[in-house]
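Report on the structure
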Amino acid sequence: MYRVALAFLVLGAVAFGGCSLNSSAISSGYAESDGPTTASVNPQSSSGFGFGMFGGDEPAPLKTKPQKVAALSDQAPSGSFEKATRGALSDRDYSRTALDPQQARDLINKYRREKGLKPLVLNAQLSEAAKAHSRDLAKWDRISHYGSDGSNPWDRVKRVGYPAKVAAENVGTGQVNFVEVLKGWKESPGHNKNLLLSDGTEMGLALVQDPKSEFKSFWTLVVAAPM
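Scoring rules and cut-offs
Residues numbered from 1 in each chain as written. Predicted model: local features only at pLDDT ≥ 70, side-chain atom pairs only at ≥ 80, totals over all residues. Heavy atoms only, no water. Axes fitted to C-alpha atoms, helices over the stretch in contact; angles between N-to-C directions. Helix = DSSP H or I, 4+ residues; strand = E, 2+ residues; numbered from the N terminus. Parallel < 35°, antiparallel > 145°, perpendicular 65-115°, else oblique. Left-handed = near helix turned anticlockwise from the far one by under 90°. Contact = heavy atoms within 4.5 Å. Nonpolar A, V, L, I, M, F, W, Y, C, P; charged D, E, K, R; others polar. Core = buried A, V, L, I, M, F, W, Y, C linked by side-chain atoms within 4.5 Å. Buried < 20%, exposed > 50% of the residue type's maximum accessible area, 1.4 Å probe, protein only. Expected span 1.5 Å × (residues − 1). Polar contact = N/O pair within 3.5 Å; in protein donor to acceptor, adjacent residues only side chain to side chain. pLDDT = per-residue confidence, 0-100. Pairing = 2+ DSSP bridges.

Digging into the packing of helix α1 (residues 101-114) against helix α4 (residues 178-187)
When two helices pack together, their arrangement is captured by the angle between the axes and the distance separating the axes. At a closest axis distance of 11 Å, the pairing of α1 and α4 adopts a crossing angle of 30°. In terms of axis orientation, α1 runs roughly parallel to α4. When you trace α1 past α4, the crossing you get is right-handed. Only Phe 178, Val 179, Leu 182 and Lys 186 of α4 make contact with α1, whose side of the interface consists of Ala 104, Leu 107, Ile 108 and Tyr 111. Of the residues that constitute the contact of α1 with α4, the class distribution is seven nonpolar, no polar and one charged.

Considering the nonpolar core
Membership of the largest hydrophobic core comes to 20 residues, with the highest contact counts inside it found for Ile 108, Phe 178, Trp 185, Leu 195, Leu 205 and Leu 221. Put simply, the parts of the chain that give this core at least two residues each are α1, β6 (164-173), α4, β7 (202-209) and β8 (217-226). Leaving out residues up to four positions away in the same chain, Ile 108 has contacts with Leu 120, Phe 178, Leu 182, Leu 195, Met 203 and Leu 221. Counting residues in hydrophobic clusters, the runner-up holds 12 residues, among them Ala 129, Val 160, Ala 164 and Ala 206.

As for helix α2 (residues 124-140)
What sets the pattern is the α-helix's 3.6 residues per turn: residues three or four places apart point alike. If you check α2, its first and last C-alpha atoms are 25 Å apart, about what 17 residues at 1.5 Å a residue would give, namely 24 Å. Within the sequence span of α2, burial applies to Leu 126, Ala 129, Ala 130, His 133, Ser 134, Asp 136, Leu 137 and Ala 138. For α2, the elements touching its buried residues are α3 (153-159), β6, β7 and β8. Capping the start of α2, Asn 123 holds a side-chain oxygen 2.8 Å from the backbone nitrogen of Gln 125, two or three residues further along.

Comments concerning the confidence of the model for the protein
Here the protein averages 73 in pLDDT, and 64% of its residues register 70 or above. Across residues 1-10, confidence stays below pLDDT 50; counting only partners more than four residues off in sequence or on other chains, it has 50 contacts. Residue range residues 17-73 is modelled with pLDDT below 50. Its contacts to residues more than four positions away, or to other chains, number 139 contacts.

Notes on the environment of Arg 86
Relative to the helices and strands, Arg 86 is located in the loop between β4 (64-66) and α1. Through-space distance from the C-alpha of Arg 86 to that of Glu 214 is 6.1 Å; in sequence the pair is 128 residues apart.

Details of the pairing of β7
Two faces make up the sheet, and in a regular strand the side chains alternate between them. Among the eight residues that make up β7, seven are buried, leaving the element largely enclosed by the rest of the structure. In terms of strand pairing, strand β5 (residues 121-122) meets β7 through two bridges, oriented parallel. The residue of β7 that forms the bridge with Leu 122 is Met 203. Alignment of β7 against β8, held across eight bridges, turns out to be antiparallel. Counterpart to Val 208 in the pairing with β8 is Phe 218.

Next up, the structure:
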């Protein structure tokens, strides 16, 4: 997770490959299997599954093992999410916060072109996966790459029927507009790597707002490529 200039504007990034485990500290892959898998998280670590306690950008190395996802408890795994301090963002104005997917896509693609990469195309299924996660984060007022049912980004991409060979997810909470969240992603090595995913061809993006929550805005970006 990357801590931007204003306290508690937080971001998270994680990348997945469909065939093998990536040894990078910020990336993890899940092979196709008959049962669900999740990444293990050390609750005592200063960083976790693509995000960490405030101040850390590089998460701890990940290990994977088959395990059942949460169902009846409707809780993300212990230590896998963060919540905002009460009132931390109460002085920010979110009255004009909105998402224009086409404009956001164009900003991301402009950045990719500057780095010699091909542009991304908006994909409705990936946007559906992003929207579902942003809604879940807003419901529980937290930032995480785990859903409240224990799902990881790879699970959510598969749920919408997208046949991914690679997928990456960036999340952000508390940003007033997309320019602000994109700036934070660019400045964070992990998030920047996902923005510039060379194998990526498509993207989905979502924003969910809840003025009653402490985080206020919940942004999710999914970059992927089909089989």
